[in-house]
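Observations on the model geometry
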Amino acid sequence: MSLLRKAIQDDPNDIVSWGFLGRELLAMGELEEAAQVLGTAEKLAPKFPYYARLSELRADFCRH
């Protein structure tokens, strides 16, 4: 978690780290923070069309 947070701090446009952080927060049951983090990934997604995990993250969030 700390490495993901550091990666985001170093590069706020690092969509991969935002996605992984959101996934880990979901796994920990931190739903409110996960929603905020995944919302950021969602906002960044149009800039990164190669990022194919967005639908997977949406599905994970819906399961929680």
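None of these values were measured; they are calculated from a predicted model.

Let's shift gears to the overall build of the chain. The number of helices and strands found in the chain is four helices and zero strands. Its C-alpha atoms put the chain at 25 × 25 × 15 Å along the principal axes. Put simply, the chain has 64 residues, and 34% of those count as buried. Within the chain, residue pairs in contact and separated by at least 24 positions form 43% of the contacts whose partners lie at least 6 positions apart. Taking the average place of the 8 positive charges on the side chains of the chain and the average place of its 10 negative ones, the gap between the two points comes to 3 Å.

So, about helix α4 (residues 54-63). Residues L54, L57 and D60 constitute the buried set of α4. Looking down the long axis of α4, one finds its buried residues gathered within 120° of arc, a one-sided arrangement. In α4, the exposed positions angled more than 90 degrees off the buried face are occupied by C62 and R63. Buried residues belonging to α4 abut α2 (15-27) and α3 (31-44).

What follows deals with the confidence of the model for the chain. Looking at the chain as a whole, the pLDDT averages 91, with 100% of positions reaching at least 70. Confidence, read as mean pLDDT per element, is least for α4 in the chain (79) and greatest for helix α1 (residues 2-10) (98).

Taken as a whole, this structure holds one aromatic pair when the rule is applied. Seen from their ring centres, F48 and Y50 are 5.7 Å apart, and the 85° between their planes marks the pair as edge-to-face. When its relative accessible area of 17% is taken as the criterion, F48 is described as buried.

Definitions and cut-offs
- Residues numbered from 1 in each chain as written.
- Predicted model: local features only at pLDDT ≥ 70, side-chain atom pairs only at ≥ 80, totals over all residues.
- Heavy atoms only, no water.
- Helix = DSSP H or I, 4+ residues; strand = E, 2+ residues; numbered from the N terminus.
- Buried < 20%, exposed > 50% of the residue type's maximum accessible area, 1.4 Å probe, protein only.
- Contact = heavy atoms within 4.5 Å.
- Lys, Arg positive; Asp, Glu negative; His and termini not counted.
- Charge placed at Lys NZ, Arg CZ, Asp CG, Glu CD.
- Arc of directions from axis to C-beta.
- pLDDT = per-residue confidence, 0-100.
- Phe/Tyr/Trp six-rings, centres within 6.5 Å; stacked < 30°, edge-to-face > 60°.

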